[in-house]
Amino acid sequence: MRHHVVILGGSYGGIAAMRHLGKYPELKITLIDQHPYHFLQTEGYELISSNTSFDETIVSLPALCANYGNVTFKHRTVKSINPQKKVILLPDGICTYDTLIIALGSVTKRFDCDTTVYHYSSGAKSLRGALRLNQFFQDELYKRLESAKQAKENFNIIIGGAGLSGVEIAAGMQYFFNRYYKSNTLSCAALHIHLIASRETILNGMHPHIIKIASNRLEKLRVKVHTQSRIASIDNHEVILTDGSTIPFDFMIFAGGTMTAPCLETFNAEKNEKGQIIVDDFLKSNTYADIYVIGDAAALSSKKGKALPPTAQTAIQSGEIAAKNIIRSLHDKTLKKANIRMKGIAIALGGKYAAIDLGFIHFHGYSAYLVKKVTERLYKWPLWWLASKGYTKINSCEI
Ligand SMILES: Cc1cc2nc3c(=O)[nH]c(=O)nc-3n(C[C@H](O)[C@H](O)[C@H](O)COP(=O)(O)OP(=O)(O)OC[C@H]3O[C@@H](n4cnc5c(N)ncnc54)[C@H](O)[C@@H]3O)c2cc1C
């Protein structure tokens, strides 16, 4: 019987693992995801600020998997994992495995608040969330276009969290408003984006030069940045900060943190304080030898033991390493230690403007924007090409 590898999660990490394992016909591979598409979160800011359509930010998983004779895609939501029995519980049954790769990523962490706030708030990690945000803003702009009287005089959007995603969304949205304001004389001057940073600066932990570039850009765009401000609670359309001050809001975007996928809550393994599963040097769960954990779901660290931030690039690298180690263990070879590196950070800052930190060099402006776009396309285009080939295969089989 062929060795059965099950991959949970078809995003950056899961796809990287699947593409490598798919080259080995002696393996049987099942990729399971709750969505039939891979959402390119790294391009989510473009979707939110209406610079792209949603089909530009997805890759079809059934079409992608159809390229590999040994890969089956299952469009299912994982309920739980039973590592003792080597079983995945799905809504309509079970799926057994010989080796498991957990690539379930992370979900937006919402502040503790009344569930009514959910009607006028969203995260940006899912396609649904990004579309909701975009539609909400488009509606508000439409109201202003139709009649300034219909629109609220002051319209506040609060972005809770000033890390990479919070900054990209704030800059993208504000640029979008400013553009409308200039070209359509809509009353967008009264639309305010408040970016709440709990630390002294935005982009905490990043290079001071990058922080300066991003801060200057946000100021130029007129984003209202509140540093050293922690959200204590959220009440009906009002954020209360720990210093007692309040900011009224119409829409709230949660960008302040993530937590692991809910189905992993009951997964009994060693985890860190963020709920990420602790892995060994080979990316295996510390608790179960036949389970690899990759991407945002894992507590990844560099070769020197420094914790790595959850990014698409670390997810991709970890997916490739886990896949290679599975092949090595099946061929009785010694496993290779993971050597995951941050190759650089690119931050979109509204319009055709970005900032790039490659460690040894920082640059910003249009050139950085071009580099960011090329990087995004170098990831997306090969997947699209594979998906279009797979789609042809699926269709020719159906005929
Ligand atoms: C707005 C934004 C901008 C970003 N920009 C960048 C950037 O510029 N550069 C960068 O490197 N990183 C960026 N990131 C971070 C990056 O997107 C994540 O680190 C990356 O997506 C992690 O990949 P992953 O494969 O581990 O998990 P995810 O991308 O989170 O994917 C997890 C997969 O598991 C599936 N899944 C979850 N639960 C279940 C379940 N119960 N059943 C079945 N399937 C399930 C999901 O549908 C999803 O397909 C950004 C993130 C955001 C939100």
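Parameters at a glance
Residues numbered from 1 in each chain as written. Predicted model: local features only at pLDDT ≥ 70, side-chain atom pairs only at ≥ 80, totals over all residues. Near = placed C-beta within 6 Å. Helix = DSSP H or I, 4+ residues; strand = E, 2+ residues; numbered from the N terminus. Domains from an automatic or database assignment. Core = buried A, V, L, I, M, F, W, Y, C linked by C-beta atoms within 7 Å. Buried ≥ 20, exposed ≤ 12 C-beta atoms within 10 Å, placed from the backbone. Contact = placed C-beta atoms within 7 Å. Pairing = 2+ DSSP bridges. Axes fitted to C-alpha atoms, helices over the stretch in contact; angles between N-to-C directions. Left-handed = near helix turned anticlockwise from the far one by under 90°. Nonpolar A, V, L, I, M, F, W, Y, C, P; charged D, E, K, R; others polar.

Of all residues adjacent to the ligand, which total 36 residues, the nearest are Gly9, Ser11, Gly105, Gly295 and Thr311. Mapped onto the shell around the ligand, the elements with two or more residues apiece are helix H1 (12–21), strand S2 (27–33), helix H2 (44–48), helix H5 (164–184) and helix H7 (312–330). Per-domain counts for the shell around the ligand show at least three residues from each of domain 1 (3–34 + 76–107 + 259–343) and domain 2 (115–257).

Ranked by size, the top nonpolar core spans 61 residues in total, and within it Ile7, Leu8, Ala17, Ile101, Ile102, Val293 and Ile294 carry the most contacts. If we ignore the near neighbours within four places in the chain, the residues touching Ala17 are Ile7, Ile101, Ala103, Ile294, Gly319, Ala322 and Ala323. Core analysis: the next-biggest nonpolar cluster, separate from the first, contains 56 residues, Phe137, Ile157, Ala170 and Leu191 among them.

What follows is about unusual backbone geometry. Even without being glycine, Lys86 reaches a positive phi, approximately 60°. Position of Lys86 among the secondary structure elements: in the loop between strand S6 (80–82) and strand S7 (87–90). The residue His237 is not glycine, and still its phi comes out positive at about 55°. Judged by C-beta crowding, with 14 C-beta atoms within 10 Å, His237 ranks as partly exposed.

On to the sheet that holds strand S15 (residues 231–235). Strands in a sheet are paired, the pairing made by backbone hydrogen bonds, and the direction either parallel or antiparallel. If you trace the three strands from one edge of the open sheet to the other, you get S15-S16-S17, paired in antiparallel fashion. A single partner strand is all that each edge strand has here, and the edge strands are S15 and strand S17 (246–248). Direction aside, neighbouring strands of the sheet carry axes that sit 20° apart on average. When strand S16 (residues 238–241) meets S17, the two strands line up antiparallel, connected through three bridges. Within S17, the residue paired with Glu238 across the bridge is Pro248.

On to the sheet that holds S6. Across the sheet, three strands lie side by side as S6-S7-S8; this open sheet has antiparallel pairing. Strands with a single pairing partner mark the edges of an open sheet, and in this sheet they are S6 and strand S8 (93–96). Each adjacent strand pair in this sheet contributes to an overall mean axis angle of 25°, direction not counted. Of the strand pairs in this sheet, S7 and S8 are connected by four bridges, and their pairing is antiparallel. Within the sheet, the bridge partner assigned to Leu90 lies in S8 and is Gly93.

Take the packing of H1 against H7 next. The contact between H1 and H7 brings their axes to 7 Å, and the two run at 35°. The handedness of the crossing between H1 and H7 is right-handed. Contacts from Tyr12, Gly13, Gly14, Ala16, Ala17, His20 and Leu21 in H1 reach Ala312, Ala315, Ile316, Ser318, Gly319, Glu320, Ala322, Ala323, Lys324 and Ile326 in H7. Residue composition of the contact of H1 with H7, grouped by class: 10 nonpolar, five polar and two charged.

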